[in-house]
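# Structural characterization, general
Here is what each chain is made of, one letter per residue.
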Amino acid sequence: MTNDGGYLGVTPPISVAESTEREKEVTITLMEELRRQGTFESDEEARTRELVLGRVSALVKKFVQKVGIMRGLSEAAAIASGGKIFTFGSYRLGVHGPGSDIDTLCVVPKHVSRDDFFEVFEPMLREFDGATEVAGVPEAYVPIITANISGIPIDFLMARLALSSIPEDLSLQDDNLLRNIDERCVRSLGGSRVANQILRLVPNVQVFRDSLRCIKLWAQRRAIYSNVNGFFGGVAWAMLVARICQLYPNAIAGAIVSRFFIIMYQWTWPQPVLLKQIEEGPLHVKVWNPKLYPADRAHRMPIITPTYPAMCATHNVTASTQMITTEEFKRGADIVDKVIVGTAQWSELFLKHDFFHKYRYYLQIIASTGDADLQLKWSGTVESRIRQLVMKLEYVDSLILAHPFIKGFEQVCYCISEEEIRAVAQGEISETIAKRKKEDIQGKEGAGPVYTTTYYVGLAIEPRPPGAIGQRKLDISYPTTEFTKLVKTWEKFDESTMGIVVRNIRSSLLPDNVFDPGERQPKPAVKRVKGGKSNNTSPDMPSSKRPRTSSTPATTKDSAVKANENGTIPPIALTPVVENAGAFAPKNPSDIKSPQLPFGENVAVATGAQ
């Protein structure tokens, strides 16, 4: 896979030097820390995965054979038509951990249709020994069946090739296989083709895997691992690490991780990250090209897949998520620099994010239904649209950024009245409701469960301009109204069974379920107002004159502000405390010390910008 220059990648390496003794030492301590953090599965789990994949491979052949006979093929022809599985994602890349799923692609011949996948293969899976939680989602962008087999979660995709049989030695890297197949099959094949190509394009697969394990764990702990929310997904992180491996072909994991943070912090976006030159191919399909397509030109941090048709794996990145990711690159570079010189431990790199301590104000987005299966689909729809809310919030004056959290918080409440159901759907869960169990409502008329999934967006607000007086207000009514309208345009939306509430909430009112046990700081004691008695109305204290009970939602200035029926949030009155925007406050460029590569290494080589 080397090019004419004899190297992997689109530019020559920055350095071909071997790693130093110190880099070898920190690589040993890095691998020890990754083991301590539980990122490697046991030998027993690895054997179970191999056994399960062997059984699944036989099942896919049986499925193809069964459909062949249904289509009138002889038994011999049906058996000869084959069928094969390919893995992709973290398992194929060799960086999966305990309990992680196996992304599996079922490649079938032309007589097997997508309907057969859901109408024949899915029922076969349900009957399969050791299979549980089998669920098909035929309407997904990439149609999928999820299942758990012998304790191993597996995601099944299907690709139907224009071949009468699938040979055992089939390779998916031939672009001509993409001819005469539908777009969904092209997408399904993409994951496996990209994973295979990444492994071909790195100089040392083991160094790549060790480095990627570190970066994956770091991104997950720092809550920046989520394609749907505008951060980077697994494939994008893998391609970034692969690019650094290309630039340092003889380096080991500790050195790769160190260079990773420095180079990514200094990267001149929107310069794309490429593992190889973009190529044309046999299909009339769109290939990523910012010179030709305005949408591609708008990509902020483009990381481009190394297979035909080339696509941007990071098209969801927004101005806010770019700022957050860049800030995390800098934090990572600073910590790893200290690890190299011996003044910090690797464990500091993997410290949990501070999202729920970082902002004074948050938006709470609550999706609710009365049915577990429906909730899964409704909450997924709401989550997939949060990026649109973030992009609209970015246009609000005085908002520096809108920071989406990468997962929702699920809860089931058992309610005995319409009033309670309404309160829960709006995020008002009293202690009485929270403690109630399923058996407590059985047989009671009008009682039932309410399933909620709550998402959060942190709001970083500009400091008050010097000399400004009076109270400031933040008006986010337009973005929130547009967002609620947008989610209600879902074709399966039903006002009578699905709820969506957006509200502004102060950090002091965040629910306990967003914190780990013992993580929440005790609320600060109320300070006396200078020259007078305390009136118990500091920003973190509700007014003592208006006690909160289970039936009376808080209405003090510290209460959450709900959207009106049309989704509008009244302007938020900002207290002076908000004036510290933390890491995202405008900085004087001369005050910023940029992490630097070792002497003699030039980051401009990586972008061809010398």
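The name an unreviewed UniProt entry gives the chain is Poly(A) polymerase, with Lentinula raphanica as the organism. In its Sequence similarities (unreviewed entry) section, UniProt records this for the chain: "Belongs to the poly(A) polymerase family."

Right, let's talk about the overall build of the chain for a bit. Helix and strand content of the chain: 17 helices and 13 strands. Split into buried and exposed, the 610 residues of the chain put 51% on the buried side. Here the contacts in the chain between residues at least 6 apart in sequence split such that 73% fall between residues at least 24 apart. By element, 52% of the accessible surface of the chain is carried by carbon and sulfur atoms, the whole surface being about 29,200 Å².

For the coordinates displayed, the defined rule picks out 25 salt bridges. A salt bridge links Arg-259 to Glu-23; the shortest N-O distance between them is 3.0 Å. Taken together, the residues span a long stretch of sequence, with Arg-259 in helix H9 (residues 253-266) and Glu-23 in helix H1 (residues 21-36) at a distance of 236 residues. The closest approach of N and O atoms between Arg-503 and Glu-428, which form a salt bridge, is 3.1 Å.

Now for the nonpolar core. In terms of nonpolar packing, the biggest core is built from 110 residues, with Phe-208, Trp-218, Trp-237, Phe-260 and Phe-329 touching the most fellow members. Aside from chain neighbours lying at most four places away, what touches Phe-208 is Leu-93, Ile-198, Leu-199, Val-202, Ala-238, Val-241, Ala-242 and Cys-245. One finds Val-56, Phe-121, Met-124 and Ile-154 within the second-largest nonpolar core, a separate group that totals 30 residues.

All right, on to the UniProt feature "binding site: Mg(2+) 1" (unreviewed entry) in the chain then. On the UniProt side, "binding site: Mg(2+) 1" (unreviewed entry) is annotated at positions that read Asp-101 and Asp-103 here. Note on placement: Asp-101 falls in the loop between helix H4 (89-93) and strand E2 (102-108). Leaving out residues up to four positions away in the same chain, Asp-101 has contacts with Arg-49, Ser-90, Pro-153 and Asp-155. With residues near it in sequence (within four places) discarded, Asp-103 still touches Phe-86, Thr-87, Phe-88, Gly-89, Ser-90 and Asp-155.

Scanning the entire structure with this criterion turns up one cavity of 30 Å³ or more. Quantified by volume, the largest cavity comes out at close to 40 Å³. Along the walls of the largest cavity sit Arg-222, Ala-223, Glu-328, His-353, Asp-354, Phe-355, Lys-358 and His-403, which together make up its complete lining.

For the pair helix H13 (residues 372-393) and helix H16 (residues 477-487), interaxial distance at closest approach is 9 Å and the crossing angle is 150°. Overall, the two elements H13 and H16 adopt an arrangement that is roughly antiparallel. Read as a crossing pair, H13 and H16 show a hand that is right-handed. The segment H13 lies against H16, with Trp-378, Val-382, Arg-385, Ile-386, Gln-388, Leu-389, Lys-392 and Leu-393 engaging Pro-479, Thr-480, Glu-482, Phe-483, Leu-486 and Val-487. A per-class count over the contact of H13 with H16 returns nine nonpolar, two polar and three charged.

Overall, mixed pairing links the five strands, which are arranged E1-E2-E5-E4-E3 in an open sheet. If you trace the sheet from one side to the other, it starts and ends with strand E1 (84-88) and strand E3 (131-137), each paired once. Each neighbouring strand pair of the sheet contributes to a mean axis angle of 25°, computed without reference to strand direction. Where E2 and strand E5 (residues 152-160) come together, seven bridges link them in parallel fashion. By the bridge assignment for E5, Leu-105 is matched with Leu-157. Against the sheet, helix H5 (residues 114-127) contacts E2, E3, strand E4 (144-149) and E5, and its axis sits at roughly 165° relative to E3.

In this section: the side chain of Ser-113. Looking at the secondary structure, you find Ser-113 in the loop between E2 and H5. Among the polar contacts made by the side chain of Ser-113, one reaches the main-chain amide nitrogen of Asp-115 at a distance of 3.4 Å. For Ser-113, the residues in contact, after removing those within four places along its chain, are Arg-71, Met-158 and Arg-160.

What follows concerns the environment of Pro-123. Within the fold, Pro-123 resides in helix H5. Along the sequence, Pro-123 and Ala-135 sit twelve residues apart, while their C-alpha atoms lie 9.9 Å from each other.

What follows deals with the packing of aromatic side chains. Under the counting rule described, the total for this entry stands at 28 aromatic pairs. Relative to Tyr-456, the ring of Phe-356 has its centre 5.3 Å away and its plane inclined at 90°; by these criteria the two rings are edge-to-face. With Phe-356 in helix H12 (residues 355-358) and Tyr-456 in strand E9 (residues 448-461), the pair connects residues that are 100 residues apart, well separated along the chain. Taken individually, Phe-356 and Tyr-456 each receive the classification buried, so the pair is uniform in this respect. Here the aromatic cluster, defined as three or more aromatic residues joined through ring pairs, consists of Phe-355, Phe-356, Tyr-359, Tyr-362, Phe-405, Phe-409, Tyr-456 and Phe-515. Here the basic side chain of Arg-35 rests over the ring of Phe-40, its NZ or CZ set 5.1 Å away from the ring centre. The ring of Phe-40 carries Arg-213 above its face, with NZ or CZ at 4.2 Å from the centroid.

On to the packing of helix H7 (residues 205-221) against H9, then. At a minimum axis distance of 9 Å, the contact between H7 and H9 shows a crossing angle of 50°. Taken as axis vectors, H7 and H9 run oblique relative to one another. Viewed along their axes, H7 and H9 form a crossing whose handedness is right-handed. Residues Val-207, Asp-210, Ser-211, Cys-214, Ile-215 and Trp-218 of H7 form the contact with H9, whose own contacting residues are Ala-253, Ile-256, Val-257, Phe-260 and Phe-261. Looking at the contact of H7 with H9 residue by residue, the classes come out as nine nonpolar, one polar and one charged.

A few words on H9. Helix length check: H9, at 14 residues, gives a terminal C-alpha distance of 20 Å against a target of 20 Å (1.5 Å per residue), a fit within 8%. Burial runs high along H9: 13 of the 14 residues are buried.

Conventions we followed
- Residues numbered from 1 in each chain as written.
- Predicted model: local features only at pLDDT ≥ 70, side-chain atom pairs only at ≥ 80, totals over all residues.
- Heavy atoms only, no water.
- UniProt positions renumbered as here; feature names shortened; annotations may be inferred.
- Helix = DSSP H or I, 4+ residues; strand = E, 2+ residues; numbered from the N terminus.
- Buried < 20%, exposed > 50% of the residue type's maximum accessible area, 1.4 Å probe, protein only.
- Contact = heavy atoms within 4.5 Å.
- Areas by Shrake-Rupley, 256 points an atom, 1.4 Å probe, with all protein chains shown as cover.
- Salt bridge = Lys/Arg side-chain N within 4 Å of Asp/Glu carboxyl O.
- Core = buried A, V, L, I, M, F, W, Y, C linked by side-chain atoms within 4.5 Å.
- 1 Å grid on protein atoms, 1.4 Å probe; cavity = no way out; pocket = protein on both sides within 12 Å on 5 of 7 lines; lining within 4 Å.
- Points joined across faces, edges and corners; volume = space filled by probe spheres on them.
- Axes fitted to C-alpha atoms, helices over the stretch in contact; angles between N-to-C directions.
- Parallel < 35°, antiparallel > 145°, perpendicular 65-115°, else oblique.
- Left-handed = near helix turned anticlockwise from the far one by under 90°.
- Nonpolar A, V, L, I, M, F, W, Y, C, P; charged D, E, K, R; others polar.
- Pairing = 2+ DSSP bridges.
- Polar contact = N/O pair within 3.5 Å; in protein donor to acceptor, adjacent residues only side chain to side chain.
- Phe/Tyr/Trp six-rings, centres within 6.5 Å; stacked < 30°, edge-to-face > 60°.
- Lys NZ or Arg CZ within 6 Å of the ring centre and 35° of its normal.
- Expected span 1.5 Å × (residues − 1).

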